[in-house]
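Overview (structure and organization)
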Amino acid sequence: PFPLGGTLNQMRTATLLPGEGIGEEVNGALVDVFEAADVPLEFETFRFSNFEDGLPQDAIKSFQKNLVAIKGPFTTPVQSTYTSINILLRRDFDLFANVVHAYSIPGVKSRLGGVDVVMIRENTEGEYSGMEHEAVPGVVESLKIITESRSMRIAQYAFAYAAANNRKKVTAVHKANIMKSGDGLFLDCCKRVAAEYPHIEFEGMIVDNTCMQMVSRPQQFDVMILPNLYGNIVTNIAAGICGGPGLFPGANIGETGAVFEQGARHSGLDIAGKNKANPTGQILGGVMMLRYLQLTKHADAIENAVMRVLEGNKARTPDIGGSATTTDYTKAIISHLE
Amino acid sequence: GSSGATAAGKHFTVTLFPGDGIGPEISAAVQTVFAAADVPVSWETHEISVEKVKPGQPLVSRGALDSVLRNGFGLKGPMATPVGKGHKSLNLTLRKELALYANVRPCVSFPGVKTPYDGVDLVTVRENTEGEYSGLEHVVVPGVVESLKVITRTASQRVAEYAFKYASDNKRSRVTAVHKASVMKKSDGLFIEVCREVSELFPHIEYEEMLIDTCASALVMDPSRLDVMVMPNLYGDIVSDLCAGLIGGLGLTPSGNMGASCMLAEAVHGTAPDIAGMNKANPTALLMSSLMMLRHMKLADKADTIERAVHAVLKEGKYRTGDLGGTATTTDYTQAIIDKMSASS
Ligand SMILES: Nc1ncnc2c1ncn2[C@@H]1O[C@H](COP(=O)(O)OP(=O)(O)OP(=O)(O)O)[C@@H](O)[C@H]1O
Ligand SMILES: Nc1ncnc2c1ncn2[C@@H]1O[C@H](COP(=O)(O)OP(=O)(O)OP(=O)(O)O)[C@@H](O)[C@H]1O
Ligand SMILES: [Mg+2]
Ligand SMILES: [Mg+2]
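Below is a short write-up of the structure. (Residues numbered from 1 in each chain as written. Chains lettered and ligands numbered in written order. Predicted model: local features only at pLDDT ≥ 70, side-chain atom pairs only at ≥ 80, totals over all residues. Heavy atoms only, no water.)

**Quick word on the packing of aromatic side chains**
Evaluated as defined, the whole model comprises 19 aromatic pairs over all chains. Ring geometry for A:Phe48 against A:Phe51: centres 6.0 Å apart, planes inclined by 75°, an arrangement best described as edge-to-face. Residues B:Tyr162 and B:Tyr166 carry aromatic rings whose centres are separated by 6.2 Å and whose planes lie at 45° to one another, so their mutual orientation is tilted. Pair noted here: B:Tyr162 and B:Tyr166 are both in helix 4 (residues 153-169), with a separation of 4 residues, about one helical turn. Each member of the aromatic cluster is reached from another via a ring pair, and the members are A:Phe2, A:Tyr161, A:Phe260 and A:Tyr292. (Phe/Tyr/Trp six-rings, centres within 6.5 Å; stacked < 30°, edge-to-face > 60°. Helix = DSSP H or I, 4+ residues; strand = E, 2+ residues; numbered from the N terminus.)

Set out below in structure tokens:
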């Protein structure tokens with residue numbers, strides 16, 4: 001269960017932003033699976049390609065009404081000057097908590113087994129402040145912002161999540177030995193919230209050590225709280241050691257709404273349009289949305305079908321060592337729905 | 001052995017900081033191996049021990065710093081971290097005083113040391129003087145902290161040039177600049193802009209740019225995808241530890257700091273107070289760091305001889321220290337390396 005979870009609206013509609021790259025294919029798979037599973041939800045789909053103008057008004061209206069959305073990836077070219085669709089969504093709707101779940105899936109080959117980690121990433125400040133300037137030619141300053149209110153908010157969310165999901169331990173990731181004030185404040189907020197949850201074990205861990213531990217003993221992690229940039233890095237490592245970025249779901253949760261997606265946000269431009277993309281992460285993102293809306297039975301049915309296909313090696317996409325197309329894999333999932 | 005063909009006749013003096021905890025034991029191991037291999041190096045030992053220094057005193061004396069600058073080479077064991085004594089971090093002091101601008105960490109799988117990853121062969125080149133570790137932070141209003149990340153053209157260029165030169169000298173084929181310029185468009189943007197410029201001076205080395213998140217994911221999925229990586233301070237800190245994890249941890253990985261006029265090789269692991277003085281420490285990381293130094297002195301043949309012996313001993317598995325699941329003492333393991341060298345000479 002998600003703290004700040006939502007409920008199904010009367011219209012039974014959700015917003016769908018397929019996005020770029022592999023977005024169209026993985027969301028197509030998601031829609032097919034939802035239909036086959038009789039999920040009582042219609043999608044309002046918005047396709048747009050002029051990212052410089054931001055989100056189209058009708059998409060914004062749709063999300064404001066539905067308060068839940070599924071989105072595909074939107075890339076931001078390094079050289080561009082406009083603000084990405086990803087940030088517009090998170091900032092304008094204050095989707096402060098990015099929740100990514102990575103775990104060992106039976107049947108999926110990975111280097112390290114027994115992993116089950118939920119990473120809760122602060123999604124609105126830190127290194128992503130966007131405040132940068134050239135002080136003098138050849139010298140650029142970039143501001144990382146850590147605030148007490150947002151650090152408290154993410155820590156509270158992480159502990160509430162841990163408690164609601166019977167998790168035993170929370171690890172706060174930081175670099176407070178170097179960034180004594182900034183990361184120090186973040187760590188301090190985590191400690192303060194930890195004190196309210198005496199039955200949940202709490203530890204702080206330096207980010208470089210965390211990444212080393214992730215590739216040697218990832219089983220030690222349960223729930224993690226991370227500032228924005230460390231969250232970006234650690235979620236990608238966790239997905240990587242569990243089989244790849246295409247497998248795991250993510251959610252961006254705010255006080256009044258949520259957007260679901262593939263956990264490791266990559267647009268996969270190299271394989272786009274080739275019917276090769278692994279839609280698992282996106283479909284499990286849809287499952288997260290169903291749990292958020294408390295459509296538990298539908299969530300369980302779809303998740304079980306996905307796991308049975310992967311465990312039984314019925315069909316799998318090339319990224320995890322198979323040769324099935326996106327559509328064949330999706331059909332296999334549909335045929336395993338009960 | 002003979003006294004080496006590469007830099008025949010040349011003799012070097014190296015400033016040695018044995019350090020705290022297991023530092024003296026692993027330093028002694030390096031000295032013993034060097035002597036056995038007839039490495040033309042003599043040592044100038046300076047005790048900088050955080051444990052012994054009095055509050056308010058500088059951690060490193062001027063004399064010790066000058067010694068490194070004069071000799072051009074230093075080897076440093078682990079130092080305890082002074083907590084709450086009002087000392088500035090030792091590493092920061094050394095970095096600043098010796099102008100150590102690049103930290104180089106090669107991570108190569110050791111034969112016989114099992115991890116989920118085989119055949120890892122990666123080098124992280126980390127900018128060591130600025131970035132997120134500028135130390136500039138302030139409280140704007142209560143509850144709001146700004147930390148300043150500083151990226152300069154000068155420092156970026158210095159480290160990029162070093163990375164390409166390293167790649168070229170060590171016959172590596174590719175340099176990857178790691179960044180997050182999709183988000184930090186100006187600061188990381190400047191870093192990769194400079195890397196791109198420098199890459200043009202090295203047309204025989206392939207050049208690419210990769211986002212830090214993509215890089216982290218690529219490293220754990222298929223480390224052979226990367227070769228030499230160059231990046232700003234924080235990413236370098238993270239990626240070098242991640243790479244160390246791939247080959248079995250900090251007890252094995254070497255590290256070298258390049259300065260404007262000196263090189264400081266070091267062990268990056270801690271002082272291991274729990275096993276200090278018990279003849280249990282694994283000297284491999286410090287020894288491998290000292291081999292980087294030998295290569296820098298153009299004593300590559302000496303470095304190769306010692307490295308082959310280390311690999312052979314680890315592969316054989318008969319003499320291993322406790323951290324690698326063995327029962328050998330530091331001195332037994334060291335002697336085994338020396339025996340291997342004489343057996344093959
Ligand atoms: N988690 C975030 N919080 C705030 N802003 C973000 C975040 N992620 C990305 N941005 C913004 O989006 C742009 C980066 O776009 P990109 O498409 O790479 O995002 P992303 O892939 O979703 O992020 P990431 O790779 O960090 O998970 C930048 O302009 C940045 O300001
Ligand atoms: N060279 C080594 N050989 C054998 N074991 C080691 C070595 N370095 C570290 N260890 C082991 O790894 C563990 C962590 O030690 P490390 O020295 O890194 O931490 P620490 O002493 O707490 O940190 P620091 O001294 O940096 O404050 C110790 O329990 C130690 O037994
Ligand atoms: Mg991205
Ligand atoms: Mg480190």
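**What about the site of ligand 2?**
Residues and elements named next belong to chain B. Near ligand 2 you find Ile 22, Thr 81, His 269, Gly 270, Thr 271, Ala 272, Pro 273, Asp 274, Ile 275, Ala 281, Asn 282 and Asp 323, and these make up its full shell. Separating an oxygen atom of ligand 2 from a backbone N or O atom of Ala 272 is a distance of 2.5 Å. In this structure, Asn 282 approaches ligand 2 through a main-chain N or O atom, which is 2.7 Å from a nitrogen atom. Against a free-state accessible area of 620 Å², the protein chains account for coverage of 61% of ligand 2. A class-by-class count of the residues in the shell around ligand 2 yields 5 nonpolar, 5 polar and 2 charged. (Near = heavy atom within 4 Å. Polar contact = N/O pair within 3.5 Å; in protein donor to acceptor, adjacent residues only side chain to side chain. Areas by Shrake-Rupley, 256 points an atom, 1.4 Å probe, with all protein chains shown as cover. Nonpolar A, V, L, I, M, F, W, Y, C, P; charged D, E, K, R; others polar.)

**Focus on the sheet that holds strand 10 (residues 223-226) of chain A**
All names here are of chain A. Spatially, the 10 strands line up as an open sheet ordered 2-1-3-12-11-4-5-10-8-9, and their pairing is mixed. At either margin of the open sheet sits one strand with a lone partner, and together these are strand 2 (42-45) and strand 9 (201-206). Neighbour-to-neighbour, the strand axes of the sheet open up by a mean angle of 25°, direction not taken into account. Alignment of strand 1 (residues 13-17) against strand 3 (residues 68-71), held across 3 bridges, turns out to be parallel. Note on strand 3: the bridge partner recorded for Leu 17 is Lys 71. Packing against the sheet, helix 6 (residues 207-216) makes contact with strand 5 (116-122), strand 8 (169-174), strand 9 and strand 10, and its axis sits at approximately 105° to strand 9. (Pairing = 2+ DSSP bridges. Axes fitted to C-alpha atoms, helices over the stretch in contact; angles between N-to-C directions. Contact = heavy atoms within 4.5 Å.)

**Some remarks on the coordination of the magnesium ion (ligand 4)**
For the magnesium ion (ligand 4), the full set of protein donor atoms is A:Asp208 (OD) and B:Asp237 (OD), at a range of 2.1 Å. With A:Asp208 in helix 6 and B:Asp237 in helix 7 (residues 233-247), this residue pair bridges two chains. Exposure remark for A:Asp208: the relative accessible area of 10% places this residue in the buried category. Among the residues examined, B:Asp237 registers a relative accessible area of 4% and is labelled buried. (Donors = N, O, S within 2.8 Å, 3.2 Å for Na, K, Ca; no water. Buried < 20%, exposed > 50% of the residue type's maximum accessible area, 1.4 Å probe, protein only.)

**Points about empty space enclosed by the protein**
Throughout the structure, instances matching the rule amount to 5 cavities of 30 Å³ or more. In this structure, the largest cavity spans a volume of roughly 100 Å³. If you trace the largest cavity, you find 13 residues lining it, with A:Glu127, A:Lys144, B:Glu132, B:Lys149 and B:Met184 closest to the centre. For the lining of the largest cavity, the secondary structure elements donating two or more residues are strand 7 (139-147) of chain A together with strand 7 (144-152) and helix 7 of chain B. When its residues are assigned to classes, the lining of the largest cavity shows 7 nonpolar, 2 polar and 4 charged. Lining the second largest cavity are A:Lys71, A:Gly72, A:Pro73, A:Glu261, A:Gln262, A:Ala264, A:Arg265, A:His266 and A:Gln282. Grouping the constituent residues of the lining of the second largest cavity by class yields 2 nonpolar, 4 polar and 3 charged. (1 Å grid on protein atoms, 1.4 Å probe; cavity = no way out; pocket = protein on both sides within 12 Å on 5 of 7 lines; lining within 4 Å. Points joined across faces, edges and corners; volume = space filled by probe spheres on them.)

**Here we look at unusual backbone geometry**
Most of the time, phi is negative for any residue but glycine, and the peptide bond is trans. Residue and element names in this part refer to chain A. One non-glycine residue with positive phi stands out, namely Asn 166, at about 55°. With respect to the secondary-structure elements, Asn 166 resides in the loop between helix 4 (148-164) and strand 8. For Asn 313, which is not a glycine, the phi torsion comes out positive at approximately 50°. Considering the arrangement of structural elements, one finds Asn 313 in the loop between helix 9 (296-311) and helix 10 (326-335).

**Side note on the environment of A:Gln64**
Tracing the chain through its elements places A:Gln64 in helix 2 (residues 57-66). Taking C-alpha positions, A:Gln64 is 39 Å from A:Asp208, a pair spaced 144 residues apart along the chain.

**A word on the interface of chain B and chain A**
Residue-level contacts link 48 residues of chain B with 48 residues of chain A. Carbon and sulfur atoms make up 65% of the area that chain B and chain A hide from each other, which totals about 4,100 Å². The interface formed by chain B and chain A holds 1 salt bridge in total. Where A:Lys175 meets B:Asp237, a salt bridge forms, and the shortest distance between an N and an O atom there is 2.4 Å. (Buried area = accessible area lost by both parts, 1.4 Å probe. Salt bridge = Lys/Arg side-chain N within 4 Å of Asp/Glu carboxyl O.)

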